[in-house]
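The lines below spell out each chain.
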Amino acid sequence: MKDIVMKPSILVARAVFPEVLTKLAQHFEIESNQADETWSKAQLTEKLHGKVGAFTTGTDRIDAEVLAACPQLKICANMAVGYNNFDIAAMTAAGVLATNTPDVLTETTADFGFALMMATARRMTESEHYLRAGKWTKWSYDMFAGSDIHGATLGILGMGRIGQGIAKRGAHGFGMNVIYHNRSRLDATSEAACKARYVSKEELLKTADHLVLVLPYSAASHHAIGAAELAQMKPTATLVNIARGGIVDDAALAAALRDKRIAAAGLDVFEGEPAVHPDLLTVPNVVLTPHIASSSVPTRLAMANLAADNLIAFFTQGKALTPLNA
Ligand code: 8YV
């Protein structure tokens, strides 16, 4: 008689491309969430119970409490490069591998960061709302006059892969003067490739015409841009956040925008998203997008495939492709 080999049981916590589910189904018994229901922590914990693996996204929090209730769990594969939804220390202590999806989203996310910076500086959504509201009745010399991108000083806070992608676009495509601040300085070859100059955070804030945030979220970067930092920026400067909500103090930013202490902001991420600080919704000089920087079809598919391949490689070869705590 043939042995029946049980496939490992995994949870796919959010809706995902059907072809990725089909691929996973060749290797695993799957409980999925194609209805994309929003689960509470208790529901996520209940669904995870008895599973050996999980396909997660940035909205699924895996912490000590969840881990304690799911002792069978061996791996959580995040479909995101950021992993602040994971308590890595707790996962390591519980012997649970964490993986993320680096590299595959770098260029798409850098494209979006650049686009958001341009939309912010050139007041694209503000002027579109004006047009849609039927307020455009005549040309005027200063109508929605914004600031230039070409030749301006691009400041980048957090110079990882995505930060470097934005720097290259600015330096090589738009003749921008690029400055950056990061926990550690890049090597000379990487700096030369981005034509970027390392400066202190203070100089970055004071000098940048357009400041783009691309740093990971942690306790150390919580409210890295608050009232004090905004006060150091030029009144003509713009601020773009494609990193994580919580890096910017949204209430302080809304006040700075309202009082024109900086010219404008572009935000793809928010503290407590999908809720958005109500004050941000009342100021006109901010471009708001719903956390879509990595969202091109090919890139989201590549991210989903990499997360799936991490699960498959771990269970078939004993080694994930992009581990965080191996
Ligand atoms: C994801 C992101 O869309 O990769 C990241 O870190 O922020 C986005 O690309 C989001 O986290 C969903 O998992």
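Residues numbered from 1 in each chain as written. Predicted model: local features only at pLDDT ≥ 70, side-chain atom pairs only at ≥ 80, totals over all residues. Heavy atoms only, no water.

Assigned secondary structure in the chain consists of twelve helices and twelve strands. For a compact globule of 326 residues, the expected C-alpha radius of gyration is about 20 Å, and the chain comes in at 22 Å, within 12% of that figure. Along the first, second and third principal axes, the C-alpha set of the chain runs to 85 × 50 × 30 Å. Expressed as a percentage of its 326 residues, the buried residues of the chain come to 48%. Between the averaged position of the 30 positive side-chain charges in the chain and that of its 32 negative side-chain charges there is a distance of 3 Å. (Helix = DSSP H or I, 4+ residues; strand = E, 2+ residues; numbered from the N terminus. Rg over C-alpha atoms; globule rule 2.2 N^0.38 Å. Buried < 20%, exposed > 50% of the residue type's maximum accessible area, 1.4 Å probe, protein only. Lys, Arg positive; Asp, Glu negative; His and termini not counted. Charge placed at Lys NZ, Arg CZ, Asp CG, Glu CD.)

In terms of nonpolar packing, the biggest core is built from 48 residues, with L24, F55, I156, I166 and I242 touching the most fellow members. Looking at which element gives the most residues to this core, the answer is helix 12 (residues 297-317), with seven residues. Excluding its chain neighbours within four sequence positions, the residues that come into contact with L24 are I10, V12, I30, F55, A308, L311 and I312. (Core = buried A, V, L, I, M, F, W, Y, C linked by side-chain atoms within 4.5 Å. Contact = heavy atoms within 4.5 Å.)

An order of 2-1-3-4-5 is seen for the five strands of this open sheet, with the pairing classed as parallel. Every other strand in the sheet has two partners, leaving strand 2 (29-31) and strand 5 (97-99) as the edge strands with one partner each. Each strand axis lies, on average, 20° off the axis of its neighbour in the sheet, ignoring direction. Where strand 3 (residues 53-56) and strand 4 (residues 75-78) come together, four bridges link them in parallel fashion. Bridging from a neighbouring strand, F55 pairs with A77 of strand 4. Sitting on the sheet, helix 12 touches strand 1 (9-12), strand 3, strand 4 and strand 5, and the angle it makes with strand 4 is about 160°. (Pairing = 2+ DSSP bridges. Axes fitted to C-alpha atoms, helices over the stretch in contact; angles between N-to-C directions.)

What follows concerns the pattern of salt bridges. Using the criterion set out here, one finds 17 salt bridges in the structure. Between R197 and E203 there is a salt bridge; the shortest N-O distance is 3.5 Å. For E203, a relative accessible area of 31% translates into the label partly exposed. In this structure, D259 and R261 form a salt bridge, with 3.1 Å as the shortest nitrogen-oxygen distance. Note on D259: relative accessible area 40%, which makes it partly exposed. Taking relative accessible area as the criterion, R261 reaches 35% and is therefore assigned partly exposed. (Salt bridge = Lys/Arg side-chain N within 4 Å of Asp/Glu carboxyl O.)

The subject of this paragraph is empty space enclosed by the protein. Over the atoms a probe the size of a water molecule is rolled, and this reveals where empty space is left. If you walk through the whole model with that rule in mind, you get one cavity of 30 Å³ or more. Space inside the largest cavity adds up to approximately 40 Å³. A119, T120, R123, T125, E126, A264, A265, P284, N285, V286 and V287 together form the lining of the largest cavity. Of all the secondary structure elements, the ones that give two or more residues to the lining of the largest cavity are helix 5 (106-121), helix 6 (124-132), strand 11 (264-267) and strand 12 (286-288). The class makeup of the residues in the lining of the largest cavity is six nonpolar, three polar and two charged. (1 Å grid on protein atoms, 1.4 Å probe; cavity = no way out; pocket = protein on both sides within 12 Å on 5 of 7 lines; lining within 4 Å. Points joined across faces, edges and corners; volume = space filled by probe spheres on them. Nonpolar A, V, L, I, M, F, W, Y, C, P; charged D, E, K, R; others polar.)

We now examine the sheet that holds strand 12. The seven strands are arranged 8-7-6-9-10-11-12 in an open sheet whose pairing can be described as parallel. Across the chains shown, the open sheet's two edge strands, defined by having one partner strand only, are strand 8 (196-198) and strand 12. Sheet twist, expressed as the mean angle between neighbouring strand axes with direction ignored, is 20°. Here strand 11 pairs with strand 12 via three bridges, running parallel. When the bridges of strand 12 are listed, L267 appears paired with L288. Sheet strands in contact with helix 11 (residues 250-258) are strand 10 (238-241), strand 11 and strand 12, and its direction is about 145° off that of strand 11.

Bringing the domain arrangement of the chain into the picture now. In terms of domains, the chain is made up of domain 1 (9-104 + 297-317) and domain 2 (106-288). Roughly 550 Å² of surface becomes buried between domain 1 and domain 2 when both sides are summed, with 41% attributable to carbon and sulfur atoms. By the criterion of area lost to domain 2, the three top residues of domain 1 are N84, D103 and T299, representing 68% of everything that side buries. On the surface where domain 1 and domain 2 come into contact, there are one salt bridge. R161 is the salt-bridge partner of D103, the closest N and O atoms lying 3.4 Å from each other. Linking domain 1 with domain 2 are four residue pairs in polar contact (both at pLDDT 80 or more). Along the lines of polarity and charge, the residues of the side of domain 1 that touches domain 2 split into three nonpolar, three polar and one charged. (Domains from an automatic or database assignment. Buried area = accessible area lost by both parts, 1.4 Å probe. Polar contact = N/O pair within 3.5 Å; in protein donor to acceptor, adjacent residues only side chain to side chain.)

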